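# Fold and contact review
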Amino acid sequence: MNKTLYTLTLCAAAMLFGCAPADQDGAMEQSTVRTDDELTAKIELLFDKYIQNEWDVMDLYAEDVVCKINNVEFSGRDNLMGGFKMHHDALYSNIAIKDMRIQSEYWNDGEIWSRSWFTWTGDGQTTGDSYSNRGHFGYKWEDGRIAELHGYWSEDAQNTEAAAYAAANASE
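Notes on the structure in this doc start here. It should be emphasised that the depicted structure is a prediction, and the values quoted were computed from it without experimental measurement.

### With respect to unusual backbone geometry
Phi is positive for asparagine 70, close to 50°, though the residue is something other than glycine. The residue asparagine 70 is located in the loop between strand 2 (61-69) and strand 3 (72-75) in this model.

The following block contains the structure:
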């Protein structure tokens, strides 16, 4: 009985004194994660428009958006759109997005990020090969627009198809 009472007392003391309240110095700041908000819906719309090869919502990106795609950094909405458009115009057909998950994070310091995880699929226009590629995008929002885009995926499919396209069009 004494061991049980001692254990309960020890557990109660640990619960009372072992955790700092959220407003106390040193406590971890929290963010709010949403999947049913306006910004998450806007990211889903961007994916839908990309699949359809429609670009009428590209003003969701800031004109000077900073893009960090794997190990390459560039800026400008026009540069980003050129890459997205080339997927349809020269490299792939039957583009689809599967297994998509999107969330938006509202941080206590005011930063807002949306994140997406997905599987991209498409058929090479030059090789005829079918590709499937897992990817992740992070979108930083500022003043109602995407100010930064971070994208991560394997570049193997894109490198293969771009090389085949370049070789096929070298004689032109």
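Additional details are given in the paragraphs that follow.
### Here's the deal with helix 3 (residues 77-91)
For helix 3, with 15 residues, the first-to-last C-alpha span of 20 Å sits near the 21 Å given by 1.5 Å per residue. Lysine 85 marks where helix 3 bends most, by close to 35°. Residues of helix 3 that are buried: Arg77, Leu80, Met81, Phe84, His87, His88, Ala90 and Leu91.

### A few points about the pattern of salt bridges
Enumeration over the complete set of coordinates arrives at 8 salt bridges. When the shortest N-O distance is used, the salt bridge between arginine 34 and aspartate 36 registers 2.7 Å. Judged by its relative accessible area of 60%, aspartate 36 is exposed. Overlapping salt bridges, with partners in common, bring together Glu111, Lys140, Glu142 and Glu148 in one network.

### Some thoughts on the pairing of strand 3
Strand direction decides the pairing type here: strand 2 and strand 3, joined by 4 bridges, are antiparallel. Pairing of lysine 68 across the sheet is with glutamate 73, part of strand 3. Hairpin connection of strand 2 to strand 3: 2 residues between the antiparallel strands, including asparagine 70 at a positive phi of 50°.

Cut-off values and rules
- Sequence order sets the numbering: in each chain, residues are counted from 1 along the sequence as written.
- Note on the predicted model: pLDDT of at least 70 is required for a residue's local features to be given, and 80 or more for side-chain atom pairs to be given and counted; whole-chain, interface and lining totals, by contrast, use all residues.
- Heavy atoms from the whole structure form the basis of all side-chain values; hydrogens and water molecules are not counted.
- Think of it this way: any DSSP run of H or I at least four residues long counts as a helix, any run of E at least two long counts as a strand, and we number them from the N terminus.
- How far a helix is expected to stretch is found by multiplying one less than its residue total by 1.5 Å.
- Axes are fitted to the seven residues ending at a residue and to the seven starting at it; the angle between these axes is taken as the bend at that residue.
- Exposure is judged per residue with a 1.4 Å probe applied to protein chains only, and the accessible area is read against the type maximum: over 50% gives exposed, under 20% gives buried, and values in between give partly exposed.
- Salt-bridge detection follows one rule: a side-chain nitrogen of Lys or Arg within 4 Å of a carboxyl oxygen of Asp or Glu.
- Any two strands between which DSSP finds at least two bridges are classified as paired.

These results come straight from atomic positions and should not be treated as a statement about function.
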